[in-house]
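Residue-level listing of the chains:
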Amino acid sequence: MTRPGAGAHARTDRRTAVLLVLAALVVYNLNFRVIQDGDTVPARLLPLSLWRSGSLNLDSVAGLAAAVPPGKPYHEPYWLHRSAAGHLYGTYPIVTPVLVAPLYAPAAAYLAWRGWEPWRLQNTSLRMEKLAASLLAALSVGLFYLLARRATGPPRALVAAVAYGFATGTWVISGQALWLHGMGELLAVCALLAATARVSAASIAAAGLACGLLAVNRPPDAALAAAVLVYLLVRHRVRALWAVAAAVAAAAPFLLYDLAAFGHWAGGYAWAVSGSHPYLAHPLLPGLAGLLLSPGKGLLIFSPFLWFLAGRAVPARAPVGSEPPAGSPPDRLLELAVVAAVLAQLYVYARADFRAGACYGPRYLTDLLPVLVWLLVPVIARLRGWGLRAFVAAVVSGMAIQAVGAFCYPRGRTDALFYPPGLDRMVIAPAVWSPRNAPFLVEARAGLAPPELLPHRD
C-alpha cells in the first residue's frame, strides 16, 4: 500500500535529482578544458570511428590516435594495440566508448559535412570527450541522490550527493575526460539503485545488467559486480538468476570482442592476468598508506570528509519501542558484500603503483567513490551540532581541493614531481610523501590552466 504523499515526494526527489545533474554538468564544464591523458584517447576516438566506418578498430582515425597528449610524460602510444591482422585497437575496454557513441552522432554528421581533416577531428573529438565525460559524471550525481534518499531525508541526501559530486575525484577525473572511471561510477550507482529497489524481475535484471557492464568496463570493478550479484543470489535465490542471466548477456559481447581483437578474454589487460608484467610488485602496507594518506595521492587527503566513515563503527541506537534511527542501513548483507569488494580493490591498488600515472589525486579509487559515500549516508543522517558543522567544513575543503584540480592542474607539473626523469617508473618517488608537494598546493600556486576549449585566434 502506497503511503499518502509518497507520489508527491517521489516527484520532488526526481526534480531534485534533475537539478543536481544540471548543476553538476555546468560546474564540470566551467573550466572549458579537457584534463586528458593517453589512457582516454581510444575512448575519445572510438565513437567517431564507429560512426565513420562502423568498425571497432581505430584504423579510420589512426593518425590522430597515435598522437601523444601535449604536456604528458609519454613517448609512445602504449594505449594502442595492433592486432595480428594489422588493425589498430585501443588497449582498454570499449564499454564506455560504445555506450556513449550515440552522443557523438551530431559530431560525426558535422565532420562528414565539413571534412575529417586531422585538426578538425582533434578539436571536435576533444569537445565531445568533455561533453560525454561530464554528462556521465553528472548523471551519476543525480542518481546518487535518489540512492541516498532510500536511507535518509532530502536535506541529508542532498548533502551526501553534493559531497560525492563536488568534493571527490568525480569532478576532476570522471567529469573531465573519458576515463573508464566515469562509466564505472555511473554503473555502480545503477547497480546499487536496482539492488535496493522494490523486488521485481525487472529490478533484479537491471541490477544484473549494470553488474555485467561494470565488470567488463574496468576489470577491477568485477569485485564490486560480484559482490552485488552474490548479495542478490543470497537474498532472492532463484529469482536472482534473472540478474545472472542479464549480467552474462551484457558482458558476453565485450568478452567476444576481447578474444577477437587481443586473442585473450582479458583484452588489453592480458599482461596483468598472465603475470608478464610486474604490476602487483609493490609492498602492501606502503601502498595502502599511499592510497589513503599520502599528500600526493591519498584519498583521505583529497576528500577529507571520508574520515567520517569511522562513524560506522559506532552503532546507531534508539530507545526501546521507538522507530529505527534515521540513516539505518537498509540491508546489512549488501553493505558487507560491497565492503568486501572495497577491501579487495584496495589490496589490488596497494600492490600496484598507487600513483596511477599522470592524474590529479587518487584516480584508482574513483570507481569506489559512490560506494564509499553510500556507506557514509547513515553517518551523515545522524550528525548533529558540531559534528554536522565539521562534516560540512570537510566537504567544503574537499570541494576547494577538487576545484584546484579542475582549474589549475597540470600547470604546476606535479606529475613530473611524482615521476621524475631518470627514475624507474616502478619506483615510488619520495616526493609523493612530501606535504609541500601536495598537488592542490603546487597547482594552486601555478595559477589557472588555459581554457583550451574556448574559441581563440591562431
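Overview of the overall build of the protein
Along the protein, the regular secondary structure elements total 20 helices and two strands. Sorting the 458 residues of the protein into buried and exposed places 52% on the buried side. Pairs at least 24 residues apart make up 78% of the contacts formed inside the protein by residues separated by at least 6 positions.

Some thoughts on the nonpolar core
Formed by 138 residues in total, the largest nonpolar core has its most connected members in Phe-144, Phe-305 and Leu-306. With 13 residues, helix α6 (residues 118–149) is the largest single contributor of residues to this core. Not counting residues up to four positions away in its chain, the partners in contact with Phe-144 are Ala-160, Ala-161, Tyr-164, Val-189, Pro-370, Val-373, Trp-374 and Val-377.

Focus on the packing of aromatic side chains
Scanning the model with the defined rule gives 14 aromatic pairs in all. On the numbers, 5.4 Å between centres and 85° between planes, the contact of Phe-302 with Tyr-360 is edge-to-face. Remark: Tyr-360 occurs in the loop between α16 (332–351) and α17 (369–382) and Phe-302 occurs in helix α15 (residues 299–302); sequence separation between them is 58 residues. Of the two residues, Phe-302 and Tyr-360, neither departs from the other in class, the shared state being buried. Considering the side-chain rings of Phe-305 and Phe-391, the 5.9 Å spacing of their centres and the 80° angle between planes classify their relative orientation as edge-to-face. Within this pair, whereas Phe-305 is found in the loop between α15 and α16, its partner Phe-391 is found in helix α18 (residues 385–407), the two being separated by 86 residues in sequence. Residue classification places Phe-391 among the buried positions, given a relative accessible area of 0%. Through a chain of ring-to-ring contacts, three or more aromatic side chains come together here, namely Phe-302, Tyr-360, Tyr-409 and Phe-440. The ring of Trp-113 carries the charged tip of Arg-114 above its face, separated from the ring centre by 5.5 Å.

Some words on helix α9 (residues 180–195)
With 16 residues, α9 should reach 22 Å at 1.5 Å per residue; the first-to-last C-alpha distance of 22 Å fits that figure. Within α9, 15 of the 16 residues are buried, which leaves it mostly tucked inside the rest of the structure.

Things to note about the confidence of the model for the protein
With 90% of its residues at a pLDDT of at least 70, the protein reaches an overall mean of 90. Overall, residues 70–75 carries pLDDT values under 50, and its contacts beyond four positions in sequence, including any with other chains, amount to 12 contacts.

Thoughts on the packing of α9 against helix α11 (residues 222–236)
Two elements in contact, α9 and α11, have axes whose closest approach is 11 Å; the angle formed by their N-to-C orientations is 5°. In terms of axis orientation, α9 runs roughly parallel to α11. Judged by residue contacts, Ala-188, Ala-191 and Ala-195 of α9 engage Leu-224, Val-228, Tyr-231 and Leu-232 from α11. Residue classes in the contact of α9 with α11 are distributed as seven nonpolar, no polar and no charged.

What to know about the pattern of salt bridges
If you walk through the whole model with that rule in mind, you get nine salt bridges. Across the pair Asp-39 and Arg-363 runs a salt bridge, and its minimum N-O distance is 3.9 Å. In this pair, Asp-39 sits in the loop between α1 (6–29) and α2 (41–53) while Arg-363 sits in the loop between α16 and α17, placing the two residues 324 residues apart along the sequence. Judged by its relative accessible area of 7%, Arg-363 falls in the buried class. For Glu-335, the salt bridge goes to Arg-312, with nearest N and O atoms at 2.9 Å. With Glu-335 in helix α16 and Arg-312 in the loop between α15 and α16, this residue pair connects regions lying 23 residues apart in the sequence. Because the salt bridges share partners, they merge into one network encompassing Arg-312, Arg-332 and Glu-335.

Regarding the side chain of Arg-44
Inspection of the secondary structure puts Arg-44 in helix α2. Side chain to side chain, Arg-44 and Gln-36 meet in a polar contact 3.2 Å long. In terms of polar contacts, Arg-44 uses its side chain to reach the side chain of Glu-129, at 3.0 Å.

Brief notes about the environment of Val-373
Tracing the backbone through its elements, the reader meets Val-373 in helix α17. Residues Val-373 and Ala-160, 213 residues apart in the sequence, show an inter-C-alpha distance of 6.9 Å. When neighbours within four sequence positions are excluded, Val-373 is seen to be in contact with Phe-144, Ala-160, Tyr-164, Phe-305 and Leu-306.

A look at unusual backbone geometry
The omega torsion across Tyr-409 and Pro-410 is 5°, close enough to zero to call that bond cis. You can see Pro-410 is positioned in the loop between α18 and α19 (414–418).

Brief notes about a nonpolar patch on the surface
A surface patch of nonpolar side chains, about 410 Å² in accessible area, is lined by Leu-255, Leu-256, Leu-259 and Trp-265. Topologically, Trp-265 is positioned in the loop between α12 (241–262) and α13 (270–274).

Basis of the calculations
- Residues numbered from 1 in each chain as written.
- Predicted model: local features only at pLDDT ≥ 70, side-chain atom pairs only at ≥ 80, totals over all residues.
- Heavy atoms only, no water.
- Helix = DSSP H or I, 4+ residues; strand = E, 2+ residues; numbered from the N terminus.
- Buried < 20%, exposed > 50% of the residue type's maximum accessible area, 1.4 Å probe, protein only.
- Contact = heavy atoms within 4.5 Å.
- Core = buried A, V, L, I, M, F, W, Y, C linked by side-chain atoms within 4.5 Å.
- Phe/Tyr/Trp six-rings, centres within 6.5 Å; stacked < 30°, edge-to-face > 60°.
- Lys NZ or Arg CZ within 6 Å of the ring centre and 35° of its normal.
- Expected span 1.5 Å × (residues − 1).
- pLDDT = per-residue confidence, 0-100.
- Axes fitted to C-alpha atoms, helices over the stretch in contact; angles between N-to-C directions.
- Parallel < 35°, antiparallel > 145°, perpendicular 65-115°, else oblique.
- Nonpolar A, V, L, I, M, F, W, Y, C, P; charged D, E, K, R; others polar.
- Salt bridge = Lys/Arg side-chain N within 4 Å of Asp/Glu carboxyl O.
- Polar contact = N/O pair within 3.5 Å; in protein donor to acceptor, adjacent residues only side chain to side chain.
- Patch = residues over 30% accessible without salt bridge, like charges linked within 9 Å, V, L, I, M, F, W, Y side chains within 5 Å.
- Areas by Shrake-Rupley, 256 points an atom, 1.4 Å probe, with all protein chains shown as cover.

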